[in-house]
Amino acid sequence: MKLLYFDHNATTPLAPEVAETMACALREVYGNASSVHSRGQLARKHLEESRRKITGYLDISPPELLFTSGGSEANNLAILGLMRSLPDGQKHAITSAIEHPSVLEVFRQLEREGVHVTYLQVDASGVVDVEAIACALRPDTVLISLMHANNETGAIQPVDEAAKLVQERRRAGQRIFMHSDGVQAFGKIGVDLAQLGVDLYSISAHKIFGPKGIGGLFVRKGISLCPVLFGGRQERGRRPGTENVPAALGFARAVDICDPAASNHQAILRDGFEAKLLSSLDDIQVNGARHNRLPNTSNLFLPGVPAETLVIALDRQNMAASTGSACSSGSIEPSHVLLAMGRSRDEARSSVRFSFGRYNTAEEADALAGAVISAAGRLRRRAVPERRLAG
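Everything quoted here is computed from the prediction, not taken from an experiment. (Residues numbered from 1 in each chain as written. Predicted model: local features only at pLDDT ≥ 70, side-chain atom pairs only at ≥ 80, totals over all residues. Heavy atoms only, no water.)

Participant: What exactly am I supposed to notice about the sheet that holds strand β9 (residues 285-286) here?
Facilitator: Remark on secondary structure: sheet strands pair via backbone hydrogen bonds, oriented parallel or antiparallel. On the basis of which strands lie adjacent, the open sheet formed by 3 strands has the order β9-β10-β12 and antiparallel pairing. Every interior strand has two partners, whereas the edge strands, β9 and β12 (351-355), have only one. Pairing analysis gives 2 bridges linking β9 to strand β10 (residues 297-301), with the strands arranged antiparallel. The residue of β10 that forms the bridge with V286 is L300. (Pairing = 2+ DSSP bridges. Helix = DSSP H or I, 4+ residues; strand = E, 2+ residues; numbered from the N terminus.)

Participant: It is not clear to me how the nonpolar core should be interpreted in this structure. Could you clarify?
Facilitator: A general trend in soluble globular proteins is that nonpolar side chains are found buried together. Counting residues in each nonpolar core, the largest one holds 65 residues, and the members touching the most others are I54, M178, L193, Y201 and F251. Counting residues per element, this core draws most heavily on helix α8 (residues 245-256), at 8 residues. Grouped together as the second largest cluster of nonpolar side chains are 29 residues, L4, L281, V286 and L302 included. (Core = buried A, V, L, I, M, F, W, Y, C linked by side-chain atoms within 4.5 Å. Buried < 20%, exposed > 50% of the residue type's maximum accessible area, 1.4 Å probe, protein only.)

Participant: Would you take a moment to explain the environment of G215 for this structure?
Facilitator: One can find G215 in strand β8 (residues 215-219). Separated by 143 residues in sequence, G215 and S72 have C-alpha atoms that sit 8.6 Å apart. With residues up to four places along the chain from it excluded, the contact list for G215 reads L66, F67, T68, S69, G70, I203, S204, A205 and F251. (Contact = heavy atoms within 4.5 Å.)

Participant: Can you help me understand the sheet that holds strand β4 (residues 116-120) in this one?
Facilitator: What the 7 strands build is an open sheet, ordered β2-β8-β7-β6-β5-β3-β4; its pairing is mixed. The open sheet has two edge strands, β2 (65-68) and β4, and neither has a second partner. The average angle at which neighbouring strand axes cross in this sheet is 20°, direction not considered. Across 4 bridges, the pairing between β2 and β8 is antiparallel. The partner of L66 across the bridge, within β8, is L217. Here helix α4 (residues 101-112) sits on the sheet in contact with β3 (92-96), β4, β5 (141-145) and β6 (177-181), set at roughly 150° to β4. The strands that helix α6 (residues 159-171) touches are β5 and β6; relative to β6, the one it contacts most, it runs at about 165°. (Axes fitted to C-alpha atoms, helices over the stretch in contact; angles between N-to-C directions.)

Participant: Got a minute to help me understand the packing of helix α3 (residues 71-83) against α4 in this structure?
Facilitator: In a packed pair of helices, the relevant descriptors are the angle between the two axes and the axis-to-axis distance. Look at α3 against α4: their axes get within 9 Å of each other, and the N-to-C directions meet at 30°. One finds that α3 runs roughly parallel with respect to α4. The way α3 lies across α4 gives a crossing that is right-handed. Each of S72, N75, N76, I79, L80 and M83 in α3 lies in contact with α4, whose residues at this interface are S102, V103, V106, F107 and L110. Considered class by class, the residues forming the contact of α3 with α4 number 7 nonpolar, 4 polar and no charged. (Parallel < 35°, antiparallel > 145°, perpendicular 65-115°, else oblique. Left-handed = near helix turned anticlockwise from the far one by under 90°. Nonpolar A, V, L, I, M, F, W, Y, C, P; charged D, E, K, R; others polar.)

Here you go:
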């Protein structure tokens, strides 16, 4: 049976065009981009061409993009690198309670180092209130880090408005910066960093049908970062290590084939899928914003249906979905995102994420809807006698 894949927020399959580009590069572009001989300079040429393609998509200059091993490293470098580059003294930072673990865990480390951190809550739609950001600002606030789109619910955050608050404070003389984890937004919605107004922005290739193991960090010109890795002068001295040129070429090719029409297609599939479930299953609810969210993401609360059991039942039918962030899989704790939105622990454990991709078809979305309806009904019926026995 063909695998029907609906877990694109965790990772995407490698696009055929990207695989072809990388296969060629692995055979032919094997030089070290730091070497002065012809093979090394050929690798350098391809690396910088890849950088130009990606920065062109983001409307930034090539020197403003650092290649990293992925979104998690980009987030670590952005936050730790900036905070440790600032003068000693009391520092305050602001983030949200729904951030990816690669942001939240960094701030917890900074707290251990003496930084004061405010974790903003979200409303029932999973969105941070701009007024809450404004109220949290202090004279010693040096950083706001707010994800562009949530990986579990798809809810788009007011990053542009937060960036305006930062710019206002900066014009008043405060030394303050804005970072956004754009890993889920990049390639799914329009991202123009010149308009967004952030100082640092994290991206990753494997969310847009590119390879795993490579990402990037936008660092606005003039911003200093302390490296968090040591051992070389690559990436302008801020990220050491031999550059992964074949992966950079794959990343650039994945950016080449990003198509707004694909996002529209995914939104149509997602909306049709949700409509079928909402009309067929009692009490089902969409977690988070219904409209201001990623076009491919559906996070559903199905009362009386254990999410993990449903995911396993779908997997037996060769359909892939998830209970939430792949980086938290294996955790016995319910989603921190859904808890922050006001869901109870039991409700969070009955919530499933479906994330569509460019290769999904209407027939596949219909098959998924039918499978979810059937499995959810079966699991609910099974739960009724169990509750009677318990009573």
